[in-house]
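# Chains, contacts and geometry: an overview
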Amino acid sequence: MSKKSQSKKQERAQSLNYLGKDLVRRCAAHCELCAAGSVPLSIFEVEPVPLEPQLKHCLMICELCQQNLLQPKKMQANHWRCLTTTIWSEVMAAKVVAIVVLQYLSAEHAWAQEYLEQAYLDEDEQAWVDDWSL
Ligand SMILES: [Zn+2]
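Residues numbered from 1 in each chain as written. Predicted model: local features only at pLDDT ≥ 70, side-chain atom pairs only at ≥ 80, totals over all residues. Heavy atoms only, no water.

### Some details on the overall build of the protein
Just so we agree on the cut-off: Only runs of H or I of at least four residues qualify as helices and only runs of E of at least two qualify as strands under DSSP, and these elements are numbered from the N terminus. Only protein chains enter the accessibility calculation, which uses a 1.4 Å probe; a residue is then buried when its area is under 20% of its type maximum, exposed when over 50%, and partly exposed in between. Note that accessible areas follow from Shrake-Rupley with a 1.4 Å probe, and for residues the cover is restricted to the protein chains shown. Neither His nor the chain ends contribute to the count of charged residues, in which Lys and Arg are positive and Asp and Glu negative. In this description, the location of a charge corresponds to atom NZ of lysine, CZ of arginine, CG of aspartate or CD of glutamate.
Check the secondary structure of the protein and you find six helices and two strands. For the protein, the α and β elements follow one another from N to C terminus as α-β-β-α-α-α-α-α. Taking the principal axes of its C-alpha atoms as reference, the protein extends roughly 55 × 35 × 25 Å. Taking all 134 residues of the protein together, 40% fall into the buried category. For the protein, the accessible surface area stands at approximately 8300 Å², while carbon and sulfur atoms represent 51% of it. Distance from the positive charge centre (13 side chains) to the negative charge centre (17 side chains) of the protein: 13 Å.

So, in structure tokens, the structure goes:
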């Protein structure tokens, strides 16, 4: 491996590591979507994933949230009742995921539609939501 590509790899690893520390601090040991505590959390990158890792695009979430997002066809609708709180999150990525999941669920669940009607998105958040769907 050339010295150049090696240092690039190191840079990437370092920035991910750096994000990890910020995420751990931000999430305060709770899932940033469903607020579950005392559960294993891992980094989830919210679509569209940027070439370089960005804090803004990362969430610390629990395994259940992760499974639901990765396999929307098997989504456990009742798990997402928690989004009534998440739509007010100060973390933009969490809010965006909440809206996208609610849009997905609203086809079959009236309560998801009701949550959506309570939500308020600014222009940037709306653009991000429009850029991604499950
Ligand atoms: Zn969760």
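### Observations regarding the packing of helix α4 (residues 92-105) against helix α6 (residues 123-130)
Heads up, the condition is: Every axis in this analysis is a line fitted to C-alpha atoms, fitted for helices over the stretch in contact. Angles between the N-to-C directions lie between 0 and 180 degrees. For classification purposes, an angle smaller than 35 degrees is called roughly parallel, one larger than 145 roughly antiparallel, one from 65 to 115 roughly perpendicular, and anything else oblique. What makes a crossing left-handed is the near helix being turned counterclockwise from the far one by less than a right angle; a clockwise turn instead makes it right-handed. Should any heavy atoms of two residues lie within 4.5 Å, those residues are considered in contact. Amino acids outside the nonpolar list (Ala, Val, Leu, Ile, Met, Phe, Trp, Tyr, Cys, Pro) and the charged list (Asp, Glu, Lys, Arg) are all regarded as polar, and Gly is one of them.
Between α4 and α6, the least distance of the axes is 10 Å, while the angle of their chain directions is 50°. With respect to each other, α4 and α6 are oriented oblique. Of the two elements, α4 crosses α6, and the hand of that crossing is right-handed. Judged by residue contacts, M92, A93, K95, V96, I99, V100 and Q103 of α4 engage D124, E125, W128 and V129 from α6. Looking at side-chain class alone, the contact of α4 with α6 contains seven nonpolar, one polar and three charged residues.

### A word on the state of the cysteines
Quick reminder of the rule: Defined by distance alone, a disulfide is two cysteine sulfur atoms within 2.5 Å.
Summed over the entire model, instances satisfying the criterion amount to zero disulfides. Looking at C82, it has no disulfide partner, and the nearest cysteine sulfur is the one in C34, 5.3 Å off.

### Looking at the environment of H57
Condition: We call two N or O atoms a polar contact when they sit within 3.5 Å, provided that within protein one can donate a hydrogen and the other can accept it, with sequence-adjacent residues counted only if both atoms are side-chain atoms.
Here H57 shows up in the loop between β1 (41-45) and β2 (58-62). Taking the C-alpha atoms as reference, H57 lies 7.5 Å from E47; in sequence the two are 10 residues apart. Look past the residues within four positions of H57 in its chain and what remains in contact with it is F44, E45, V46, E47, P48, P50 and W128. A distance of 3.4 Å separates the side chain of H57 from the backbone oxygen of P48, its partner in a polar contact.

### So, the packing of aromatic side chains
We apply this condition: We call Phe, Tyr and Trp rings a pair once their centres come within 6.5 Å, taking the six-membered ring for Trp, and we label the pair stacked below 30 degrees between planes, edge-to-face above 60, and tilted otherwise. Over a ring means this: the NZ of a Lys or the CZ of an Arg is within 6 Å of the ring centre and within 35 degrees of the ring normal.
Applying the stated criterion to the full structure yields one aromatic pair. Sitting over the face of the ring of W128, K56 holds its NZ or CZ atom 5.6 Å from the ring centroid.

### As for the coordination of the zinc ion
Which entries qualify depends on this criterion: The donor set comprises N, O and S atoms within 2.8 Å of the metal, extended to 3.2 Å for Na, K and Ca; water molecules are omitted, so apparent gaps in a site may simply reflect that omission. Geometry is assigned from donor-metal-donor angles: four donors are tetrahedral when every angle falls between 85 and 135 degrees, four are square planar and six octahedral when opposite donors sit over 155 degrees apart with all other angles between 65 and 115, and any other arrangement is irregular.
Around the zinc ion, the protein contributes the donor atoms C31 (SG), C34 (SG), C62 (SG) and C65 (SG), at 2.3 Å from the metal centre. For the zinc ion, the four donor atoms in the first shell make angles of 106 to 117° at the metal, a pattern classed as tetrahedral. Within one chain, the residues serving as donors to the zinc ion are arranged as C-x2-C-x27-C-x2-C. Each member of the pair, C62 together with C65, is buried.

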